[in-house]
Amino acid sequence: MDEIEDFLENLNIKKYLFNIIIVILFCLLSYFVIYRLNNINKKIDNKVVLNQKNSEKDKKNNESVEYVIVDIKGEVVTPGVYELIKGSRVIDVINEAQGLTNNANTRYINLSKILEDGDAIVIYSNKEIEEASKEEKIEVTVPCVCEDVNSACIENNIKNDNNEPNKKININTASLEELTSLNGIGESKAKSIIKYREENGNFKTIEDITKVSGISENIFDKIKENITV
């Protein structure tokens, strides 16, 4: 009888100890799980905060970047309108248009020119350059195919054979031929100048020429040293 009682007593003690161990293990497991979840949540929160900071940083950087929109035509694989980072050059928009065709002629194109918003770039073909060169009545370094719309053309510098190379052209009396001898003034612009003075009278200052349709400030800067009233 005493042995049975001892056995039961030992059994109860073991059962008690086993329960204690189970409780301890459960507590440890719970602590481990909670600890891990907290760390995971913390990492997630940190990642979210970091992503938000990076997003805000990228947004700020993007806002500080300026762009220009440029139209490229002619002998490129994919002509069209492209948006480029301000400071890009003509060669960059050609690359955006997937490069030149086999017929492209860039002899008179300034590939390193920095683009401005609204520029129109025309890449001419070998045939266009050849035909324009044949049509010139005076010797020029750049055929007048570049006269009007091409923002990438090298300046049309006329080789002046006159005895008075520094003689200025009077825009109030100049003929069509004299006006077209000016840098950047083609036949259509020369006709517009003559039409303007016929309808509005003589120019009072050389700056008044910018009132003529098609004569931009950029063109005026090119010719202001060679004109007078």
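Residues numbered from 1 in each chain as written. Predicted model: local features only at pLDDT ≥ 70, side-chain atom pairs only at ≥ 80, totals over all residues. Heavy atoms only, no water.

Undergrad: For helix α5 (residues 187-200), give the residues involved together with the corresponding values.
TA: One turn of the α-helix equals 3.6 residues, which is why residues spaced by three or four share an orientation. Taking 1.5 Å of rise per residue, the 14 residues of α5 would be expected to cover 20 Å, and the 20 Å separating its terminal C-alpha atoms lies within 8% of that figure. Trailing α5 by a residue or two, G201 shows a phi angle of about 90°, which is positive. (Helix = DSSP H or I, 4+ residues; strand = E, 2+ residues; numbered from the N terminus. Expected span 1.5 Å × (residues − 1).)

Undergrad: An account of the pairing of strand β2 (residues 80-85) is needed here, citing residue identities and associated values.
TA: Relative to β2, strand β1 (residues 67-74) runs antiparallel, the two sharing 6 bridges. What sits directly across from V68, in β2, is L84. Counting the residues that bridge the hairpin from β1 to β2 gives 5 residues. (Pairing = 2+ DSSP bridges.)

Undergrad: Mind laying out the pairing of β1, listing which residues take part and the relevant values?
TA: Pairing between β1 and strand β4 (residues 120-125): 4 bridges, direction parallel. Counted as the bridge partner of K73 is V122 from β4.

Undergrad: I'd like to hear about unusual backbone geometry, residue by residue, with values.
TA: Within the chain, Q98 stands out as a residue other than glycine whose phi angle is a positive 65°. Mapping Q98 onto the fold places it in the loop between α2 (90-96) and β3 (104-105). Using a relative accessible area of 57% as the deciding quantity, one classes Q98 as exposed. (Buried < 20%, exposed > 50% of the residue type's maximum accessible area, 1.4 Å probe, protein only.)

Undergrad: Tell me about the pattern of salt bridges, residues and numbers included.
TA: Scanning the model with the defined rule gives 6 salt bridges in all. Note that E66 and K86 form a salt bridge whose closest N and O atoms lie 3.5 Å from each other. Of this pair, E66 sits in the loop between α1 (2-64) and β1 while K86 sits in the loop between β2 and α2, and the two are 20 residues apart along the sequence. For K86, a relative accessible area of 52% puts it in the exposed group. Between K211 and D208 there is a salt bridge whose closest N-O contact spans 3.6 Å. Judged by its relative accessible area of 54%, K211 is exposed. (Salt bridge = Lys/Arg side-chain N within 4 Å of Asp/Glu carboxyl O.)

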